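Coordinates in review
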Amino acid sequence: MNIGIIGATGYGGVELYRILANHRYVENIHLYTSSAEKKSYIDEYPHLSHIKENELKPLEPDQIKEENDVVFLATPSGISASLTPELLDDQLKIIDLSGDLRLKNSDDYEKWYKKAPAPEMLLQEAVYGLTELYREDIKNAKILANPGCYPTATLLGLAPLVREKIVKENSIIVDAKSGVSGAGRNASLATSFVEIQDNFKIYKVHQHQHIPEIEQELHKWDEKVGFISFSTHLVPMTRGIMATMYIELLEEWNTSKLVDLYESFYKHSPFVRVRTNGTFPSTKEVYGSNYCDIGLAFDQRTSRLTVVSVIDNLMKGAAGQAVQNFNIMSGFQENEGLNFLPVYP
Ligand SMILES: NC(=O)C1=CN([C@@H]2O[C@H](COP(=O)(O)OP(=O)(O)OC[C@H]3O[C@@H](n4cnc5c(N)ncnc54)[C@H](OP(=O)(O)O)[C@@H]3O)[C@@H](O)[C@H]2O)C=CC1
Ligand SMILES: CC(=O)N[C@@H](CCC(=O)OP(=O)(O)O)C(=O)O
C-alpha cells in the first residue's frame, strides 16, 4: 500500500514512520511538510540516515490524494479541521491523530480547544478509534479520529467498569502523568530541560482538552457516570503515561472479582495486559510498545477502587493505535507491524 504522513517531522509522525517502515503491507511511505525550508527527512532525523526515499514533499492535497491509499495526519490541532475536507476522496482513507475529529459536539471543540471546529459532516462521519471498544465501526471507517493519549490510558482503564454500569455517579477521579514527548517536538519554555528536569508539574487544571473526550465516551457506555475530576502532570521522562484512577462502585466488590471482570473484558485484545498477581505496572514496562498495562485493587477500608493504566504516549497513545486502526480498516491482522516488545531497561 502507499501511505502518506502529514506532519512527518513531528514526534507522532516519526513514530508512525518507525512502525510503517517495517510493516509487511506498506510499499511506499510519502512524507509531507508544511514548511518550505524542510527538504530532507534525514536532515530532520539523522537516526534515519539509511533511508533512500527521504524527500519531504509539499502539502498539495491533489498530489496527496493521487499517490496514497491511506494518509495519516500527525499535525497540531486546528489543521485537520481545514485540511481533511480538501483530502476527501473515495479512494483515500484518512487517519487523524489530532483532536480535531474526536468530539462529536462542535461547541465542545470550540470551548476546550479554542479553535474553529471541523465541518459537521466530517465530525459525524469520523469514527472514534479506541480500538478495543470499536473494532466493528473501525472496519468500515473512511475517516478515523485516533484517540488522545490521556483518553486512551484512561478509557481503557475505566471501560470494563463503566460498561458494566457499576460506577457511582460523579465518583471518578483521574490523576494522570505524562512524559514530555506528549507535548510534541516544538521548543517551548515549559518543556525546556531546566524547567522539566528534577521537577514535577501539574498543568491545565480543570481545563484539559481531553476532559470532554473522555466524558463523551464514558457517557456512551453509561450516561449515569456523571462528570470526572481529571488532572495532568508533566514528569521528567521522554515517553510514558500513567493514569491512576480512583472510583467508587455501586456495590461491594473485591479485587479478585474485578480482575476477573477486566480479564474477561479484554480477552480478545492482544495489546491490553491485565495484572492478575496484585502488582501494578510502571511506564517503563510498556516503553516503545503498543501495550496498555492495567493493575487494580479494591480498598475494603475506603470502599474505593484504584486502577492504574500505563501506555507509551507515542505508541498506544498515538502512532501505535493509529496503525492498529489502519490494520483493521485495511483488513489486516490487528497486530500487524506492532509486535514490538517494550524496550527495557
Ligand atoms: N505527542 C504525543 O504523545 C501525542 C500527540 N497527539 C497528537 O498528534 C498530533 C501530532 O503531535 P506531535 O507529533 O507530538 O506534534 P509535533 O509538534 O511534534 O509535530 C507536529 C507536526 O505538524 C506539522 N505542522 C505544523 N504546523 C502545520 C501546519 N500548519 N500544517 C500542516 N502541518 C503542520 C509540523 O511539521 P512541518 O513543520 O514539517 O509541517 C510538525 O512537525 C497533535 O495533534 C497531537 O496533539 C496525540 C496523541 C499523543
Ligand atoms: C505532555 C503534554 O503536554 N501533552 C499534551 C497532549 C496533547 C495532545 O495529545 O493533544 P490532542 O490529543 O488534544 O491533540 C497535553 O496535555 O496537551
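Source: prediction; values computed, not measured.

1. Description of the sheet that holds strand S10 (residues 229–234)
Strand order across the open sheet formed by seven strands is S9-S10-S8-S11-S14-S13-S12, with mixed pairing between neighbours. Bordering the open sheet on either side are strand S9 (201–203) and strand S12 (272–274), each of which pairs with just one other strand. Adjacent strand axes in the sheet meet at a mean angle of 20°, parallel and antiparallel pairs treated alike. Summarising the sheet, strand S8 (residues 173–178) and strand S11 (residues 241–248) pair through six bridges and their orientation is antiparallel. Bridge pairing links Ala-176 to Ala-243 in S11. Where helix H11 (residues 255–265) meets the sheet, its contacts fall on S12, strand S13 (292–299) and strand S14 (304–311), and the angle it forms with S13 comes to roughly 155°.

2. Describing the site of ligand 1
Near ligand 1 you find 29 residues, and of these Gly-7, Gly-10, Gly-12, Ser-98 and Gly-184 are the closest. Mapped by element, the contributors of at least two residues to the shell around ligand 1 are helix H1 (11–20) and helix H12 (315–330). With three residues, the single largest contributor to the shell around ligand 1 is H1. Of the residues in the shell around ligand 1, the class split is nine nonpolar, 18 polar and two charged.

3. A short note on the nonpolar core
Ranked by internal contacts, the top residues of the largest apolar core, which has 90 residues, are Ile-5, Leu-16, Phe-72, Ala-153, Ile-241, Ile-294 and Ala-322. In terms of residue count, the dominant contributor to this core is helix H8 (residues 149–163) (nine residues). Mapped onto the domain boundaries, this core takes at least three residues apiece from domain 1 (2–147 + 316–330) and domain 2 (150–313). If we ignore the near neighbours within four places in the chain, the residues touching Ile-294 are Leu-156, Gly-157, Tyr-262, Val-272, Val-274, Arg-275, Val-307, Val-308 and Ser-309.

4. Describing the site of ligand 2
In the region of ligand 2, the neighbouring residues are Ser-77, Ser-98, Gly-99, Gly-148, Cys-149, Ser-178, Gly-182, Ala-183, Gln-209, Thr-232 and Leu-234. Within the shell around ligand 2, the residues separate by chemical class into three nonpolar, eight polar and no charged. Split by domain, the residues of the shell around ligand 2 number at least three in each of domain 1 (2–147 + 316–330) and domain 2 (150–313).

5. What about the domain arrangement of the chain?
Interfaces are often sized by the amount of accessible area the parts lose when they come together. Parsing the chain into structural domains produces domain 1 (2–147 + 316–330) and domain 2 (150–313). If you average the C-alpha positions of domain 1 and of domain 2, the two centres end up 25 Å apart. Elements with a minimum of two residues in the side of domain 1 that touches domain 2: helix H5 (106–113), helix H7 (131–139) and H12. Across the side of domain 1 that touches domain 2, the residue classes break down as eight nonpolar, six polar and five charged.

Conventions adopted
Residues numbered from 1 in each chain as written. Chains lettered and ligands numbered in written order. Predicted model: local features only at pLDDT ≥ 70, side-chain atom pairs only at ≥ 80, totals over all residues. Pairing = 2+ DSSP bridges. Helix = DSSP H or I, 4+ residues; strand = E, 2+ residues; numbered from the N terminus. Axes fitted to C-alpha atoms, helices over the stretch in contact; angles between N-to-C directions. Contact = placed C-beta atoms within 7 Å. Near = placed C-beta within 6 Å. Nonpolar A, V, L, I, M, F, W, Y, C, P; charged D, E, K, R; others polar. Core = buried A, V, L, I, M, F, W, Y, C linked by C-beta atoms within 7 Å. Buried ≥ 20, exposed ≤ 12 C-beta atoms within 10 Å, placed from the backbone. Domains from an automatic or database assignment.

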